[in-house]
Amino acid sequence: MKSFTPSKNPSINLVIQTAFLGDLLLAIPLLIWIKKLNPQLALGLVCRKGLGSTLKSIGIIDYFWEIQKGNSESYRIVQSELKNFEIHFLISAHTSVRTTLLCARIKAVKKISFAKPWNFFIFNHRVDNIKTYPESIRLLSLIKNESSELQEYFSKLNSSEDYILKQNSGRLMSPPHWADPVQGWPASGSINKTVQELTLRYKLVERKWIALFPGSVWATKMWKKEGFIELGQSLQKKGYQIIIMGGSDEKELGGAVAEAIPEALSLCGQTTLLESLALISQSQLVVGNDSSSSHMAAFVGVPVVAIFGPTVLKFGYRPWGQNSAVVELENLSCRPCGPHGHKKCPLNHHNCMKQLEAREVLRVVEMML
Ligand code: SF4
C-alpha cells in the first residue's frame, strides 16, 4: 500500500479498478482519456496489490493505492489516505458491494459508475452497461458524457459488435485509434535500457524471440501443456528462440514446457511486471490463454494469439490491440461455461482445450508472423 503525507489537499481524479492485471490493462484507454480531459489534475488509481507502481513508472497515473482482496484493513487504509485529497471525478469500474461501499466513504464532486438498481444513492452519475461493447469501450463509456469529442466517437460506433467478432483466419478488428491502449506505452529510453539489460542477462537473440504464456489464474482457461510444447518446438525449428513467461506460481509449468523445447528459456517468476512488459514489447509475437498475457501484448503493441476455451469473444475481454487473433474450438456445445473460467471443468473432460490441436494454433501464429 502506498502512503502519502501531502502538504495540502491536492486535487485529483480517481479511478477504482481492483480486478486482475488483464482487466486493469483494459482500463488503460479510460485512464488516458481522464488525463486528457483534465490535464491539470493528477490521476490516482486504486488497484490490486502489486500493479500500481508499474503504471506510475510509465506515467499513466500519478498516485496509486493498493488493496488486498479479502483484507478489509487495506480498504480502510486507502479510504483514510484519500481524505488528504480533493477528488473531482471518482470513477468506479466495479459495481461490487465492497467497491461500492468504498466509494460511498470517499468524498468526490462527481461519482460515476455503471447503473445498478441499488447504487443510485452512491453514484450521482450512472451509465448503462452496454454488453455488446468490448470491455475497453465499455469502460470508456463511463466518461463519454464528459467530452464532446468522445461523444462523437461513440456516435460513430454503430457496429461495436464488429470488435468482438473474428475476421478471416482468427484475426480481430483493430481498436479505434481513440481507444487504443498502445498510446499509453512509452517507447522511451528507460524501457530500451531495461530491454538491453534483460537481453544481456538472459542471453536473448535480439528481436528474434516468441513469448509463450502457458499459465492462467483459472485452470480451465489453460491450453494443454503438450500443445504449448508442440507449438514451441515447431517455432524453434523455424528459427525463433522461445521464452516461457508467467508468474512465480507458474514456475513448474513454465520449466516443464521450456525443458521440452530446444534452447527455450523459462522466465516464470523472474521478471517484474515492468520487465515483462519490456521483454514482450520486443518479442515477435506472444501466444497465451485468455488471460493477462494477451492484454500485456496488446498494450505494448505486439502481435498476440490468444487461445480461448471456456470463455468466448462476446464477453468483451478480447486482446485489445492492433494485431490480435483468437484461436478456439468453434463448435463445442458446452462453450462458454462461465464468464471467468473455472478451477475445474464442470463436465470433467476439458475438451475445449484438450481438443484444440497445436497445428491449428500454429496456423494462426504463422499468419500473424
Ligand atoms: S464445460 Fe466445456 S467449455 Fe467449460 S471447461 Fe469444460 S470443456 Fe471447457
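On a predicted model such as this, the values are computed, not experimentally measured, just so you know. (Residues numbered from 1 in each chain as written. Predicted model: local features only at pLDDT ≥ 70, side-chain atom pairs only at ≥ 80, totals over all residues. Heavy atoms only, no water.)

Chemist: Can you tell me about the packing of aromatic side chains, naming the residues and giving the values?
Modeler: This structure, assessed with the given rule, holds eleven aromatic pairs. Ring geometry for Phe154 against Trp178: centres 5.5 Å apart, planes inclined by 50°, an arrangement best described as tilted. Pair noted here: Phe154 is in helix α7 (residues 148-155) and Trp178 is in the loop between α7 and α8 (189-201), with a separation of 24 residues, a long-range link. Residues Phe154 and Trp178 agree in their burial class; the two are buried. Both rings, one in Tyr163 and one in Trp320, keep their centres 5.7 Å apart while their planes meet at 70°; by these two values the pair is edge-to-face. Of this pair, Tyr163 sits in the loop between α7 and α8 while Trp320 sits in the loop between β11 (304-307) and β12 (324-327); the two residues are 157 residues apart in sequence, bridging distant segments of the chain. Taken together, Trp33, Tyr133, Tyr153, Phe154 and Trp178 form an aromatic cluster joined through their ring pairs. (Phe/Tyr/Trp six-rings, centres within 6.5 Å; stacked < 30°, edge-to-face > 60°. Helix = DSSP H or I, 4+ residues; strand = E, 2+ residues; numbered from the N terminus. Buried < 20%, exposed > 50% of the residue type's maximum accessible area, 1.4 Å probe, protein only.)

Chemist: How would you explain the sheet that holds β12 if you had to name every residue and give the values?
Modeler: The six strands lie next to each other as β9-β8-β7-β10-β11-β12, forming an open sheet whose pairing is parallel. The strands lining the two open edges of the sheet, one partner per strand, are β9 (265-266) and β12. With four bridges joining them, strand β7 (residues 209-213) and strand β10 (residues 285-289) adopt parallel strand pairing. Paired with Phe213 across the two strands is Gly288, which belongs to β10. (Pairing = 2+ DSSP bridges.)

Chemist: How would you summarise the nonpolar core if you had to cite specific residues and measurements?
Modeler: Counting 65 residues, the largest nonpolar core has Leu55, Ile91, Trp178 and Phe299 as the members making the most contacts within it. Built from parts of two domains, this core gets at least three residues from each of domain 1 (11-132) and domain 2 (183-368). Once you skip the residues sitting within four places of it in the chain, Phe299 turns out to touch Leu25, Ile28, Ile58, Ile60, Pro181, Val182, Gly184, Trp185 and Leu277. One finds Ile210, Leu212, Tyr240 and Leu329 within the second-largest nonpolar core, a separate group that totals 32 residues. (Core = buried A, V, L, I, M, F, W, Y, C linked by side-chain atoms within 4.5 Å. Domains from an automatic or database assignment. Contact = heavy atoms within 4.5 Å.)

Chemist: Describe in detail the sheet that holds strand β1 (residues 11-16), supporting the description with residues and values.
Modeler: The sheet built from six strands is open, its strands ordered β3-β2-β1-β4-β5-β6 with parallel pairing. The sheet is open, and its two edges are formed by β3 (63-67) and β6 (125-127), each paired on a single side. Across the sheet, the axes of successive neighbouring strands diverge by a mean angle of 15°, strand direction being ignored. Each of β2 (42-48) and β3 touches helix α4 (residues 72-81); the most contacted strand, β3, lies at about 155° to it. (Axes fitted to C-alpha atoms, helices over the stretch in contact; angles between N-to-C directions.)

Chemist: Please give an account of unusual backbone geometry that cites residues and values.
Modeler: The linkage connecting Arg335 with the following residue, Pro336, adopts the cis geometry, with an omega of -10°. When you line up the elements, Pro336 lands in the loop between β12 and α13 (351-354). A positive phi angle, close to 50°, is found at Lys203, a residue other than glycine. Following the sequence through the fold, Lys203 ends up in the loop between α8 and β7. On the accessibility criterion, Lys203 (69% relative accessible area) is exposed. Phi is positive for Asn348, which is not a glycine, with a value near 65°. Tracing the chain through its elements places Asn348 in the loop between β12 and α13. With a relative accessible area of 57%, Asn348 lands in the exposed category.

Chemist: Can you lay out the domain arrangement of the protein for me, pointing to particular residues and giving the numbers?
Modeler: When cut into domains, the protein gives domain 1 (11-132) and domain 2 (183-368). Distance from the C-alpha centre of domain 1 to the C-alpha centre of domain 2: 28 Å. Taken together, the contacts link 15 residues of domain 1 with 17 residues of domain 2. A buried area of about 1300 Å², summed over both sides, lies between domain 1 and domain 2, and 82% of it is on carbon and sulfur atoms. (Buried area = accessible area lost by both parts, 1.4 Å probe.)

Chemist: Could you give an account of the pairing of β7, with specific residues and numbers?
Modeler: Counted residue by residue, β7 has five buried out of five residues, so it is predominantly covered. Since β7 and strand β8 (residues 241-244) lie parallel, the crossover through helix α9 (residues 225-237) that links them has a hand, and here it is right-handed. (Right-handed = clockwise from strand over helix to strand, strands pointing away.)

Chemist: Please give an account of the side chain of Glu66 that cites residues and values.
Modeler: Considering the arrangement of structural elements, one finds Glu66 in strand β3. One buried charged residue, Glu66, forms no salt bridge at all, with the nearest opposite charge on Lys49 at 5.9 Å. (Lys, Arg positive; Asp, Glu negative; His and termini not counted. Salt bridge = Lys/Arg side-chain N within 4 Å of Asp/Glu carboxyl O.)

Chemist: Give a detailed account of the side chain of Lys224, specifying residues and quantitative values.
Modeler: In this structure, Lys224 sits in the loop between β7 and α9. Under the relative-accessibility criterion, Lys224 is labelled buried at 18%. Polar side-chain contacts of Lys224 include one of 2.8 Å to the backbone oxygen of Lys354. (Polar contact = N/O pair within 3.5 Å; in protein donor to acceptor, adjacent residues only side chain to side chain.)

Chemist: Outline helix α5 (residues 97-105), listing residues and values.
Modeler: Of all the positions in α5, only Thr99, Thr100, Leu102 and Cys103 are classed as buried. Projection of α5 onto a plane perpendicular to its axis shows the buried side chains occupying an angular sector of 155°, all on one side. Looking at α5, the residues exposed on the side facing more than 90 degrees away from the buried face are Val97 and Arg105. Contacts made by the buried residues of α5 are with β1, β2, α4, β4 (86-92) and β5 (110-114). (Arc of directions from axis to C-beta.)

Chemist: Tell me about the pattern of salt bridges, and name the residues and values.
Modeler: Considering all chains together, one arrives at 15 salt bridges under this definition. Between Glu197 and Lys193 there is a salt bridge, with the nearest N and O atoms lying 3.6 Å from each other. With Glu197 and Lys193 both in helix α8 and four residues apart, this pair spans about one turn of that helix. Judged by its relative accessible area of 51%, Lys193 falls in the exposed class. Salt-bridge contacts for Glu328 lead to Arg335; the nearest nitrogen and oxygen are separated by 2.9 Å. On the accessibility criterion, Glu328 (12% relative accessible area) is buried. Connected through salt bridges with shared partners, the residues Lys166, Glu328, Glu330 and Arg335 form a single ionic network.

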